[in-house]
Amino acid sequence: MVPSRVDPDQSASASAFAIPEALALRLRVARRVAVLTGAGISAESGVPTFRDAQTGMWARFDPLELATPAAFARQPRIVWDWYAWRRELVAAAAPNPGHYALAAIERHVPDFLLITQNVDGLHQAAGSTRIVELHGNIARVKCARGCGGVDTWEDAASEPPRCPRCGAFLRPDVVWFEEMLPVDELLRAERAARDCELMLVVGTSAEVHPAAALPAMARACGATVAEVNPSATPLSDRIDYVLRGPSGIVLPALVAAAWPPAI
Ligand code: OAD
């Protein structure tokens with residue numbers, strides 16, 4: 001997969017996917033839009049998803065061995081190294097047309113929130129600013145005992161680096177299984193889900209809660225909900241629109257349909 005810096009407004013792929021007219025109109029007139037993204041939006045940037053059968057992280061690695069507090073307590077160096085590998089992978093990735101399309105939507109909509117489960121920072125790299133990171137950010141590191149974030153650290157060979165304040169191990173600033181989501185971020189996300197007129201659900205298997213509950217919350221409060229995903233998810237039968245394709249194609253087409261370029 002080739003990382004791309006194509007802006008969706010100029011993207012030649014924008015007409016490659018048929019967008020329902022009513023959805024394009026709904027987006028054009030909406031004053032309050034929320035978007036929920038998952039790993040799928042970064043797949044076209046070369047960042048592996050978690051649950052895709054052949055290519056997903058969890059097809060190759062056991063989450064219980066790598067992404068829980070117990071795993072870190074048991075084998076801190078292995079967990080640290082796995083995240084260091086992913087940090088490098090993400091640092092080498094660039095946003096794709098799907099990320100740029102969401103940044104373009106943000107520029108058009110007065111009340112907008114991008115809620116992401118991703119930790120890769122690619123939305124911000126594409127220009128998104130009104131964003132909530134529900135699962136943290138892999139570029140950040142924090143004290144495992146709670147002293148807070150650390151900007152620089154020195155890697156040692158045998159164990160993770162230590163907190164300069166208390167001497168505990170440092171760990172990635174991401175949410176692990178069995179951990180709480182950051183409270184303020186979750187409250188902002190839930191408020192946006194309840195208040196929005198339209199929610200786009202992009203590139204998530206909708207299997208991990210509480211994020212997976214946000215589309216149903218939006219719909220129960222009267223929003224139109226549209227999914228962008230090449231594969232079916234548990235949401236697909238319970239929402240208003242299913243756009244069955246990769247987000248790097250579908251989202252630029254959606255932007256072009258909602259705000260057609262002037263001739
Ligand atoms: P998953 O790996 O569970 O799901 C990725 C989704 O992206 C699948 O539904 C794919 O069909 C879809 N997909 C693949 N390629 C795509 C493309 N080009 N365009 C659009 N969609 C595409 O990832 P998440 O739903 O993000 O949590 O997983 C949620 C959480 O589970 C993650 O944040 C992570 C993981 O364990 C933690 O680490 C806490």
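Note: the structure precedes this text.
Definitions and limits used
Every chain is numbered independently, its residues counted from 1 as its sequence is written. Per-residue local features are limited, in this predicted model, to residues with pLDDT of at least 70; the limit for side-chain atom pairs, both in listing and counting, is 80 or more; totals at the level of whole chains, interfaces and linings are taken over all residues. Hydrogen atoms and water are omitted, and side-chain values are computed over all heavy atoms in the structure. The numbering of helices and of strands both runs from the N terminus, where a helix is a DSSP run of H or I of at least 4 residues and a strand a run of E of at least 2. C-alpha atoms define the radius of gyration, and 2.2 Å times the number of residues to the power 0.38 defines the globule rule. Think of it in three bands: residues with accessible area under 20% of the maximum for their type are buried, residues over 50% are exposed, and the middle band is partly exposed, with areas taken using a 1.4 Å probe on protein chains only. In what follows, residue pairs with any heavy atoms lying within 4.5 Å of each other are defined as contacts. The Shrake-Rupley method, run with a 1.4 Å probe sphere, supplies the accessible areas, and residue values consider only the shown protein chains as cover. Charge convention: Lys and Arg are scored as positive, Asp and Glu as negative, and His as well as the terminal groups of each chain are ignored. By convention, charge coordinates are those of NZ in Lys, CZ in Arg, CG in Asp, or CD in Glu. The rule for a salt bridge is simple: a side-chain nitrogen of Lys or Arg has to be within 4 Å of a carboxyl oxygen of Asp or Glu. Working definition of a nonpolar core: buried Ala, Val, Leu, Ile, Met, Phe, Trp, Tyr and Cys residues. They are joined through side-chain atoms within 4.5 Å. If even one non-hydrogen atom of a residue comes within 4 Å of a molecule or strand, that residue is called near it. Polar contacts, as counted here, are pairs of nitrogen or oxygen atoms within 3.5 Å of one another; within protein the pair requires one atom able to donate a hydrogen and one able to accept it, and residues that are adjacent in sequence qualify only if both atoms are side-chain atoms. A 1.4 Å probe that fits into a set of points on a 1 Å grid over the protein atoms alone but cannot get out defines a cavity; an open set with protein on both sides within 12 Å along at least five of seven lines defines a pocket, and lining residues are those with an atom within 4 Å of a point. Those molecules having more than half of their atoms within 2 Å of a cavity or pocket grid point set are described as sitting in that cavity or pocket. Here the term charged refers only to Asp, Glu, Lys and Arg, the term nonpolar to Ala, Val, Leu, Ile, Met, Phe, Trp, Tyr, Cys and Pro, and the term polar to all other amino acids, Gly among them. The axes are straight lines fitted to the C-alpha atoms, using for helices just the contacting stretch, and the angles between their N-to-C directions are given from 0 to 180°. An angle counts as roughly parallel when it lies under 35 degrees, as roughly antiparallel when it exceeds 145, as roughly perpendicular when it falls between 65 and 115, and as oblique in every other case. Pairing of aromatic side chains here covers Phe, Tyr and the six-membered ring of Trp, requires ring centres within 6.5 Å, and sorts the geometry by plane angle: under 30 degrees stacked, over 60 edge-to-face, intermediate tilted. Definition used: whenever NZ (Lys) or CZ (Arg) falls within 6 Å of the ring centre and also within 35 degrees of the ring normal, the charge is taken to sit over that ring. In this analysis, the expected span of each helix is defined as 1.5 Å times one less than the number of residues it contains.

*Asks:* So, the overall build of the protein: which residues are in play, and what are the values?
*Replies:* If you tally the helices and strands in the protein, you get 10 helices and 9 strands. At 19 Å, the protein has a C-alpha radius of gyration in line with the 18 Å of a compact globule built from 263 residues. Projected onto its principal axes, the C-alpha positions of the protein cover 60 × 40 × 30 Å. Counting all 263 residues of the protein, 52% fall into the buried class. The long-range fraction of contacts in the protein, counting pairs at least 24 apart against all pairs at least 6 apart in sequence, stands at 68%. As displayed, the protein offers around 12,200 Å² of accessible surface, 54% of which is attributable to carbon and sulfur atoms. The positive charge centre, built from 25 side chains, and the negative charge centre, built from 29, are 3 Å apart in the protein.

*Asks:* For the pattern of salt bridges, give the residues involved together with the corresponding values.
*Replies:* Under the criterion given, the structure shown has 13 salt bridges. For Arg-32, the salt bridge is made with Glu-197, and the minimal N-O distance between the two is 3.7 Å. Of the two residues, Arg-32 sits in strand E1 (residues 32-37) while Glu-197 sits in the loop between helix H8 (183-195) and strand E7 (198-202), which places them 165 residues apart along the sequence. Between Asp-240 and Arg-219 there is a salt bridge, with its nearest N and O atoms 3.1 Å apart. With a gap of 21 residues between them, Asp-240 in the loop between strand E8 (224-228) and strand E9 (241-243) and Arg-219 in helix H9 (residues 214-220) connect regions that are remote in the sequence. You can call Asp-240 partly exposed: its relative accessible area is 35%.

*Asks:* Go over the nonpolar core, please, and point to the residues and values.
*Replies:* Inside soluble globular proteins, nonpolar side chains tend to come together where they are buried. Core analysis: the largest hydrophobic core is formed by 29 residues, its most contacted members being Leu-27, Val-33, Val-35, Ile-105, Leu-200 and Leu-251. Those elements that place two or more of their residues in this core are helix H1 (21-29), E1, helix H6 (97-108), strand E2 (111-116), E7, E8 and helix H10 (247-258). Counting residues per element, this core draws most heavily on H10, which supplies 6 residues. Here Leu-251 is in contact with Ile-41, Gly-98, Ala-101, Leu-102, Val-202 and Val-228, once residues within four sequence places are set aside. Within the second largest apolar cluster, 23 residues are counted, among which are Ala-34, Ala-189, Ala-193 and Ala-211.

*Asks:* Explain the site of the ligand residue by residue, including any values.
*Replies:* Near the ligand, the surroundings consist of 23 residues, among which Phe-50, Arg-51, Thr-204, Ser-205 and Asn-229 are the closest. A distance of 3.1 Å separates an oxygen atom of the ligand from a polar side-chain atom of Trp-58. One nitrogen or oxygen atom from the side chain of Thr-204 is found 2.6 Å from an oxygen atom belonging to the ligand. Considering the ligand on its own, with 800 Å² of exposed area, one finds that the protein chains cover 93% of that surface. Applying the majority rule of atoms within 2 Å of the grid points places the ligand in the largest pocket. Residue composition of the shell around the ligand, grouped by class: 9 nonpolar, 11 polar and 3 charged.

*Asks:* How would you explain the side chain of Ser-128 if you had to name every residue and give the values?
*Replies:* Within the secondary structure, Ser-128 sits in the loop between helix H7 (122-125) and strand E3 (131-133). If we ignore the near neighbours within four places in the chain, the residues touching Ser-128 are Leu-102, Ala-103, Glu-106, Leu-114 and His-123.

*Asks:* So what's going on with the packing of H1 against H10? Residues and values would help.
*Replies:* As a packed pair, H1 and H10 sit with axes 8 Å apart at the nearest point and diverge in direction by 70°. Relative to H10, H1 is oriented roughly perpendicular. Of the residues in H10, those in contact with Leu-23, Ala-24, Leu-27 and Arg-28 of H1 are Leu-254, Ala-257 and Ala-258. For the contact of H1 with H10, a count of residues per class yields 6 nonpolar, no polar and 1 charged.

*Asks:* Mind laying out the packing of aromatic side chains, listing which residues take part and the relevant values?
*Replies:* Aromatic rings in a pair are described by how distant their centres are and how their planes are angled relative to each other. Across all of its chains, the model carries 10 aromatic pairs by this definition. In this structure an aromatic cluster arises from ring pairing among Phe-50, Trp-58, Phe-61, Phe-72, Trp-82, Tyr-83, Trp-85, Phe-169, Trp-176 and Phe-177. Directly above the aromatic system of Trp-80 lies the positively charged group of Arg-87, at a separation of 5.4 Å from the ring centroid. Directly above the aromatic system of Trp-176 lies the positively charged group of Arg-171, at a separation of 3.7 Å from the ring centroid.

*Asks:* Break down H8 for me, citing the residues and quoting the values.
*Replies:* Compared with an ideal rise of 1.5 Å per residue, which puts 13 residues at 18 Å, H8 spans 18 Å between its outermost C-alpha atoms and is within 8% of the ideal. If you follow the buried residues of H8, they end up packed against E1, E2, E7 and H9.

*Asks:* Give me the lowdown on the environment of Leu-181, citing residues and values where you can.
*Replies:* Tracing the backbone through its elements, the reader meets Leu-181 in the loop between strand E6 (170-174) and H8. For Leu-181 and Ala-211, which are 30 residues apart along the polypeptide, the C-alpha to C-alpha distance reads 9.6 Å. The residues contacting Leu-181, other than those within four sequence positions of it, are Leu-134, His-135, Val-175, Leu-186 and Pro-210.

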